[in-house]
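What follows is the residue order along each chain.
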Amino acid sequence: MNFITPIFFTLIVFIIGVILFYLFRKQYESQIIPSTLLWQQVMQEWQATKWWRKLQNYLLLYLQLLILLFLMLALARPFLGVNELSGEHIVFVLDTSASMTVEEEETTRFDTAKQEALELVEQLDDQQLTVILAEEIPTILFSTETEEQTMKSRIEDVEASFQFADIVKSIQLANQLLSGTSGEIHVFSDSVAKESLDTSYLTNKLVVHNIGMSKNNLSLHTLGVSQNNQQISGILTVFNESDEEKLARITIESNGESIITIQELIEPGKLKQLAINDLPAKSYYKAVLTTEDDYKADNELFSFLGNNTPPTIHLIGDVNSFTSKALHYLSTDVVQYNQDTAVSGDNVIYVLEEIPDTKWPNGPTLVFSPTNGESFPVSPKENLQAEVKTIREDAILRYVDIGEVYIQSSSPFQATELDTILASGETPLISKGYYKGNPLILVGFDIADTDWPLHTSFPIFLYNAINYLNEKQEALGYVKPSESLSINIEAGTTSGVILNENQEKVLDINLDEPTFQAPSHPGLYKMITESDLGRRSEKLFAVSIDAQEKNIQPNTSFSIEGKHENSNTNQEKPNEIWTIFAILALLVLFLEWEVYRRGISN
């Protein structure tokens, strides 16, 4: 037991004073009596009385001394130990990255981190708590909470996000939240290195709890598959992070069917490339590491076999010179054709101007200023009166500030099967969708009737349009956990879902939004959309962890004092027990009063 204000022990003089008062209190007066016989009998009885009964005559003295002793101890402010959490406001930074799912001692690092955080919550002494989830973009779980049960339930409900944890930004955010107040920052992670942190801005104490000890991990780093002269081959890289040589057993499969099995010894701390030859044609390939280790999130990789060759752009008709020049910057393979030339080919995007739909080629097409046709009736050109507005957010208009563009006139067209994304009043200006099974973008105005080429948004629009027209129909590619993924929904689409490898529904797609959030758990997923015309589209995509999350090497815990903090802002908070002695003094006071009352009544 220690004392915060031991100076109050000088009050012991009052205890001594009370004893002196009893010693020098008024004595009995001398009286002359006829005989001492009766007094001798009383003295004999007194001497025969038990010692504890003798003490009853001094009970008031003892109780008064006890009251003074308890009051003196209360004023000295005794305490047992020191509260680890000091300051008014505590901030927890909880690492939710993939490496926190490493399994050690029948639990994960993430569960251990949450348990340690919950133990610290129990030590809070009327202090505010804020919890930050360290993700690619740090997220505040809750702020300045004081209700212990709410804190615990919110922390217990947190799950691993499998995202890259930006610890540096999370600590910077925590430091900003503590601006102007006292407190501490506690980081629960596994691999934060002291030398990697810039502590010059820290104003409060930083405590890093690095969790974990295991390095038992074989990691699949990369998987690439390509086709050359009708032969499909691939390259797989494997890293052994452990301290001993490991036998890597890897299976290459697709749609649940095993294609090839590889076994290779990997030296400790080495990255090894494995060649995969004579693969059969599949829409995707999955590499599965079957060797047991402590980290499962990096034991699978996916690769899609697609055509990665940039498309050829065919210009047909009198395409505006500004459009042609911008497309030459976007592609090295641009070919100009006359309006009456019949062209076709694979991996081709067509850009047309003033051509009716009856002469459109079969393929992805961008049409400027169309003329009247069969499927898309076009009215004569007319000046625009209403304000040009974006009807819906779309990837084609991403980073395009259409408000700065002047459009003088446009040719109204009817395209009910397309989705209008830009309009002037009731006049559609840009629509997109599918025509005869191919993606189509319809621009109702002539570029010559606008000042769009004078703005930087014009080549951006062409870039977005080419990406939309060149969209691979069988795969959406690779995304990070919980990444926002752009999608192009065909007009007339009535439903969309995301399924995992087990054909279980993960989420429903909001068709009113141009993007959706990918699942957080790594794996292969399928996006399925259906239209009112019975058209069904299936596209694969793979959720993969960040390359930085394929290392599970833990670091040691450490703490850093704030460089610019006031010397009194982060004092350790002792666990005081003075209230106990104050309550005891009050109880003894009541007891002393009762003893005195009974003595008077008797």
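Read on for a plain summary of the structure.

Cut-offs applied
- Residues numbered from 1 in each chain as written.
- Predicted model: local features only at pLDDT ≥ 70, side-chain atom pairs only at ≥ 80, totals over all residues.
- Heavy atoms only, no water.
- Buried < 20%, exposed > 50% of the residue type's maximum accessible area, 1.4 Å probe, protein only.
- Helix = DSSP H or I, 4+ residues; strand = E, 2+ residues; numbered from the N terminus.
- Pairing = 2+ DSSP bridges.
- Salt bridge = Lys/Arg side-chain N within 4 Å of Asp/Glu carboxyl O.
- Axes fitted to C-alpha atoms, helices over the stretch in contact; angles between N-to-C directions.
- Contact = heavy atoms within 4.5 Å.
- Phe/Tyr/Trp six-rings, centres within 6.5 Å; stacked < 30°, edge-to-face > 60°.

**Notes on the pairing of strand β17 (residues 312–317)**
- When you tally the buried positions in β17, you get six out of six residues, the bulk of the element.
- Here six bridges tie β17 to strand β19 (residues 348–353), and the two strands are oriented parallel to one another. When the bridges of β19 are listed, Gly317 appears paired with Glu353.
- In this structure, β17 lies alongside strand β18 (residues 334–337), joined through four bridges in parallel fashion.

**Let's talk about unusual backbone geometry**
- A positive phi angle, close to 55°, is found at Asp278, a residue other than glycine.
- Mapped onto the elements, Asp278 comes out in strand β14 (residues 271–279).
- Judged by relative accessible area, Asp278 falls into the exposed class, the value being 64%.
- With a phi angle near 65°, Gln503 is a residue other than glycine that sits in the positive phi range.
- Owing to a relative accessible area of 48%, Gln503 belongs among the partly exposed residues under this scheme.

**Let's talk about the pattern of salt bridges**
- Scanning the entire structure with this criterion turns up 17 salt bridges.
- Sharing partners across several salt bridges, the network here consists of Glu253, Lys286, Glu300 and Glu501.

**Considering the sheet that holds strand β24 (residues 419–424)**
- Pairing in this open sheet of eight strands is mixed, and the strands run β18-β17-β19-β20-β26-β25-β24-β22 from one edge to the other. At either margin of the open sheet sits one strand with a lone partner, and together these are β18 and β22 (388–390). This sheet shows a mean twist of 15° between the axes of neighbouring strands, independent of strand direction.
- Here six bridges tie strand β25 (residues 427–435) to strand β26 (residues 438–443), and the two strands are oriented antiparallel to one another. Within β26, the residue paired with Tyr434 across the bridge is Pro439.
- Across the sheet, helix α8 (residues 321–330) touches β17, β18, β19 and β20 (365–368), and the angle it forms with β17 is around 170°.
- Lying over the sheet, helix α9 (residues 457–469) contacts β17, β19, β20, β25 and β26, oriented at roughly 155° with respect to β26.

**A few points about the environment of Leu206**
- Mapped onto the elements, Leu206 comes out in strand β9 (residues 205–210).
- For Leu206, a relative accessible area of 1% corresponds to the buried category.
- C-alpha of Leu206 to C-alpha of Ile171: the two residues are 35 residues apart in sequence and 8.7 Å apart in space.
- Every residue in contact with Leu206, bar those within four places of it in the chain, is listed here: Ile171, Ile185, Val187, Leu197, Phe558, Ser559 and Ile560.

**Details of the sheet that holds strand β11 (residues 231–240)**
- Strand order in the open sheet formed by three strands is β10-β11-β14, with antiparallel pairing between adjacent strands. Edge strands, defined here as strands with exactly one partner in the open sheet, are β10 (218–228) and β14. Strand-to-strand, the axes of this sheet are offset by a mean angle of 20°, without reference to chain direction.

**Some points on the packing of aromatic side chains**
- Evaluated as defined, the whole model comprises eleven aromatic pairs.
- Between the aromatic rings of Tyr525 and Phe541, the centroid separation amounts to 5.8 Å while the plane-to-plane angle is 20°, which identifies the pairing as stacked. With Tyr525 in strand β32 (residues 523–531) and Phe541 in strand β33 (residues 536–543), this pair connects stretches of sequence that are 16 residues apart. Grouping residues by exposure puts Tyr525 and Phe541 together as buried.
- Clustering of aromatic rings is evident, with ring pairs tying together Phe445, Trp452, Phe458 and Phe461.

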